[in-house]
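Residue strings, one per chain:
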Amino acid sequence: MKMIEKLKTNYQLSNMIVRILFVVGFTFCNWQDLLISVNLVGEGMGLPASATIPTVLLSGIFMGLLLNFFVPFVVNAILNISRIYNVPRHEYVLLAMLFFDIGFFACGILNLVNLFTPVFMVWGSILFPLIVSCGCVIGFYKVTSKLYFNVVTRQLYFKSLAIAYLVTVVVLGVMA
Amino acid sequence: MKKILLVAIALLLVVACMPTTILAEQTTDDYKNSPTYKMLEEFVTACPNRQGQEGEYDAAKYIHGKFTQYYVESDTTLELPTMQPIVADSYYGNNVILHKDNKSTTDSIVIGAHYDSVGVGANDNASGIVALLQIAQELKDVKLPFDVYFVAFGGEEQGLLGSQAFVNNFSQEYKLPLTSIRVMFNLDSIANGDNLYVQCENKSTSLANLILQNATGKTQLLEKPHAVGVFNADMWGYGYYEVIQGSDHTPFRVAGVPVASFFSGNFQNWTYVESANSKNNTMNTAMDKLENCNQSWIDKIDTVVDTVVSTVVHGDFASVSQNARKELLNLDLWYNRLWPKIVAVVIVILLAVFAVLHNRKLQKQALMGTASANTSHIFETPSADDIFSFKD
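Residues numbered from 1 in each chain as written. Chains lettered and ligands numbered in written order. Predicted model: local features only at pLDDT ≥ 70, side-chain atom pairs only at ≥ 80, totals over all residues. Heavy atoms only, no water.

Peer 1: Any chance you could explain the overall build of chain A here in plain terms?
Peer 2: The number of helices and strands found in chain A is six helices and zero strands. Reading chain A from its N terminus to its C terminus gives the helix and strand order α-α-α-α-α-α. With the C-alpha coordinates of chain A rotated into their principal frame, the extents come out at 60 × 35 × 30 Å. By the burial criterion, 44% of the 176 residues in chain A qualify as buried. Of all intrachain contacts in chain A linking residues separated by at least 6 positions in sequence, the fraction that spans at least 24 positions is 67%. As displayed, chain A offers around 9,400 Å² of accessible surface, 79% of which is attributable to carbon and sulfur atoms. Each charge class in chain A can be summarised by its mean position, and for the 10 positive and 5 negative side chains these summaries are 17 Å apart. (Helix = DSSP H or I, 4+ residues; strand = E, 2+ residues; numbered from the N terminus. Buried < 20%, exposed > 50% of the residue type's maximum accessible area, 1.4 Å probe, protein only. Contact = heavy atoms within 4.5 Å. Areas by Shrake-Rupley, 256 points an atom, 1.4 Å probe, with all protein chains shown as cover. Lys, Arg positive; Asp, Glu negative; His and termini not counted. Charge placed at Lys NZ, Arg CZ, Asp CG, Glu CD.)

Here it is in structure tokens:
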């Protein structure tokens, strides 16, 4: 608790920790998919079983870093489209990244179920991200709506967040 | 002088009787005298190039000749071997089939291995063909309560064309439903890998247990770890991707036939490799040659032959194979993406309904509430005192 209180006074350090956790969490959550992708790409290039721990870690870190830049951009875009200007942007983006971190780690733990019980692999790969993301969005809304919105503005905020989430889920679902 | 002579003779005798050297030499060359090696050598020498239409046809003719020989030698249960044509887009080849007809039942098992290769293919899959020929030889006169189809598949390296053709044409050709096939045994690249595996289903089954119980031979037979090398990507029609799916058992399993696939290899970094030593990874390369053969190859081939034969003739096999289909995972329920997607859509619809209801509630609260600004922050702005005061 003391550490969290201290971190609250140091935005730069908090930002760095959250972003590092984002990359680590992304790799932890997606290592199985990364492994198969690296293997399939390797097979296509005539290099069977090219997925090793370093190649999977490197591809995870690379994609995690890319998303690290992409997520703040998307969050800011959603706020701009929703015409929400009264939130401290840096803090809000940091909170969004923090909830992404929580989601990645929770999903990574659930994905271990898929790994050890392959019979649940297809169901888990579709339902786990949906359930975890839903929990995270609700949590994020609860925290941010109390912090930055009053009774009147909260309704607009809720509408924007709900639409953004449902659109993302539908788009990702169609793509999958 | 006599003493010197006696000492010299004694020394000569000791040297002559040194067991280690002789044993070592015998062990090194021993496998080359085994019938398995001779068969492997004969097949690889007779059909060194089993890729392309001509090369494959030569190999098919060779196997047809062997099957005909077994037919001639056997009692009346064997039928004359046949060549089943495989016609794909730009491919024409043959499956070679030897049918052991039980006459009293329509149920059957299939024992198969592909004969085509990339390069010489001593391991992939001359080893499997040698095992298939030996199994056919051993089972030809054994009375079994079901039919046996010994099948040498063509076109495996082209995308499992031979096994797919066999599955597609089975009902039409033999006037029997595919459900009459109780089990399919697949033998592919069984010699060069680090370990010897059998893969049945992604869970423990009676068939796998029976095979492991009957595993006999110098090499330990392991069951492929269920979760290892299985990934969430739809390939081959399973609904998921398994690193060893690319073999002739796949069309059978997708069609609902229980399978037992024998292969050699290693599971490293959660995926399949032939060997942990990268120099030994010769599959589908020009390096897959007979020169790589050693005692371990022969032991593995012999283990597969003995295991398959002892499993098939085992008293429990008839009942286990009859129930094997019931133990299969329901591919449609577990691996068809449609069902979890329907559940996901239902969840999303419920969320949308919840969102609409919650929005209405917030609307009501907004009408009754006051619009004072909320300016809370998580990060505190340090006070000027904190910034400019220096503490020891």
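There's plenty left to go through after this.
Peer 1: Whenever I open this one, helix H6 (residues 153-175) of chain A confuses me. Can you help?
Peer 2: Within an α-helix, residues lying three or four positions from one another point in the same direction, as the helix has 3.6 residues per turn. Taking 1.5 Å of rise per residue, 23 residues should cover 33 Å, and H6(A) covers 33 Å from first to last C-alpha, within 8% of that figure. Buried within H6(A) are the following residues: Gln155(A), Tyr157(A), Phe158(A), Ser160(A), Leu161(A), Ala162(A), Ala164(A), Tyr165(A), Leu166(A) and Val169(A). Looking at the buried side of H6(A), the elements it contacts are helix H3 (53-81), helix H4 (89-116) and helix H5 (121-148) of chain A together with helix H12 (338-368) of chain B. (Expected span 1.5 Å × (residues − 1).)

Peer 1: What's the story with the interface of chain A and chain B in this structure? I'm lost.
Peer 2: In this complex, chain A contributes 52 residues to the contact, which on the side of chain B involves 49 residues. When chain A packs against chain B, close to 4,400 Å² is buried across both sides, 72% of that on carbon and sulfur atoms. There are zero salt bridges connecting chain A and chain B. Where chain A meets chain B, there are three residue pairs in polar contact (both at pLDDT 80 or more). Breaking the side of chain A that touches chain B down by element, the ones donating at least two residues are helix H2 (11-44), H4, H5 and H6 of chain A. For the side of chain A that touches chain B, the element with the highest residue contribution is H5(A), accounting for 13 residues. (Buried area = accessible area lost by both parts, 1.4 Å probe. Salt bridge = Lys/Arg side-chain N within 4 Å of Asp/Glu carboxyl O. Polar contact = N/O pair within 3.5 Å; in protein donor to acceptor, adjacent residues only side chain to side chain.)

Peer 1: Mind showing me how you'd approach the domain arrangement of chain B here?
Peer 2: One widely used convention gives an interface's size as the accessible area the parts lose upon coming together. Residue and element names in this part refer to chain B. Splitting chain B by domain gives domain 1 (25-329) and domain 2 (330-360). In this structure, domain 1 and domain 2 have C-alpha centres spaced 42 Å apart. Listed per partner, the contact involves eleven residues of domain 1 and four residues of domain 2. Interface of domain 1 and domain 2: buried area, both sides summed, is about 650 Å²; carbon and sulfur atoms make up 53% of it. Three residues, Tyr238, Tyr240 and Leu329, lead the burial of domain 1 against domain 2; their summed loss comes to 57% of the area buried on that side. Inspection of the region where domain 1 meets domain 2 yields zero salt bridges. Between the two partners, domain 1 and domain 2, sit one residue pair in polar contact (both at pLDDT 80 or more). For the side of domain 1 that touches domain 2, the class distribution of residues is six nonpolar, three polar and two charged. (Domains from an automatic or database assignment. Nonpolar A, V, L, I, M, F, W, Y, C, P; charged D, E, K, R; others polar.)

Peer 1: Got a minute to help me understand the pairing of strand S10 (residues 259-268) of chain B in this structure?
Peer 2: Along any regular strand, the residues point their side chains to alternate faces of the sheet. Residue and element names in this part refer to chain B. Most of S10 is tucked away, with nine of its ten residues classed as buried. With four bridges connecting them, strand S5 (residues 181-187) and S10 associate as parallel partners. Among the inter-strand pairings, Leu187 is bridged to a residue of S10, identified as Phe262. Relative to S10, strand S6 (residues 195-199) runs antiparallel, the two sharing five bridges. (Pairing = 2+ DSSP bridges.)

Peer 1: Explain the packing of helix H3 (residues 35-46) of chain B against helix H4 (residues 52-73) of chain B to me, please; I cannot follow it from the model alone.
Peer 2: Angle between the axes and distance between the axes are the two parameters that describe a pair of packed helices. Residue and element names in this part refer to chain B. Their axes nearest at 11 Å, the elements H3 and H4 cross at an angle of 135 degrees. Relative to H4, the element H3 is oriented oblique. In contact with Met39, Glu42, Phe43 and Ala46 of H3, H4 contributes Tyr62, Ile63, Lys66 and Tyr70. When grouped by side-chain class, the residues that make up the contact of H3 with H4 number six nonpolar, no polar and two charged. (Axes fitted to C-alpha atoms, helices over the stretch in contact; angles between N-to-C directions. Parallel < 35°, antiparallel > 145°, perpendicular 65-115°, else oblique.)

Peer 1: Sorry if this is basic, but what is going on with the pattern of salt bridges here?
Peer 2: Side-chain pairs of opposite charge can arise where the charged atoms are in close proximity. Residue and element names in this part refer to chain B. The tally for this structure, following the rule as stated, stands at seven salt bridges over all chains. Across the salt bridge formed by Lys140 and Asp141, the nearest N and O atoms sit 3.9 Å from each other. Asp141 gets classed as partly exposed once you look at its relative accessible area, which sits at 41%. Across the salt bridge formed by Glu201 and Arg253, the nearest N and O atoms sit 2.6 Å from each other. You can see Glu201 sitting in the loop between S6 and helix H7 (206-213) and its partner Arg253 sitting in helix H8 (residues 249-254), a full 52 residues away along the chain. For Glu201, a relative accessible area of 6% gives the class buried. Because the salt bridges share partners, they merge into one network encompassing Glu73, Lys140 and Asp141.

Peer 1: How do you make sense of the environment of Asn49(B) when you look at a structure like this?
Peer 2: Residues and elements named next belong to chain B. With respect to the element layout, Asn49 can be found in the loop between H3 and H4. Of the residues examined, Asn49 reaches a relative accessible area of 42% and is grouped as partly exposed. A distance of 3.4 Å separates a polar atom in the side chain of Asn49 from the backbone nitrogen of Gln51.

Peer 1: I would appreciate a short explanation of the side chain of Ser145(A) in the present structure.
Peer 2: Mapped onto the elements, Ser145(A) comes out in helix H5. Ser145(A) gets classed as buried once you look at its relative accessible area, which sits at 4%.

Peer 1: Where do I start with the packing of aromatic side chains in this structure?
Peer 2: Aromatic rings in a pair are described by how distant their centres are and how their planes are angled relative to each other. Applying the stated criterion across every chain, the model contains 33 aromatic pairs over all chains. Ring geometry for Tyr92(A) and Phe140(A): centres 5.2 Å apart, planes at 65 degrees, overall edge-to-face. Of the two residues, Tyr92(A) sits in helix H4 while Phe140(A) sits in helix H5, which places them 48 residues apart along the sequence. Neither Tyr92(A) nor Phe140(A) differs from the other in exposure class; each is buried. With a centroid separation of 5.8 Å and 35 degrees between ring planes, the pair formed by Phe166(B) and Phe252(B) is classed as tilted. Here Phe166(B) is found in helix H6 (residues 161-174), whereas its partner Phe252(B) is found in helix H8, with 86 residues between them in sequence. In this pair, the class of Phe166(B) matches that of Phe252(B), namely buried. (Phe/Tyr/Trp six-rings, centres within 6.5 Å; stacked < 30°, edge-to-face > 60°.)

Peer 1: Any chance you could explain unusual backbone geometry here in plain terms?
Peer 2: Peptide bonds are mostly trans, and most non-glycine residues show a negative phi. All names here are of chain B. Here Asp124 and Asn125 are connected by a cis peptide whose omega angle stands at 5 degrees. Looking at the secondary structure, you find Asn125 in helix H5 (residues 122-139). The phi torsion at Leu160 lies on the positive side, around 55 degrees, for a residue other than glycine. Take Leu160: it is sitting in the loop between strand S4 (147-153) and H6. Exposure remark for Leu160: the relative accessible area of 3% places this residue in the buried category.

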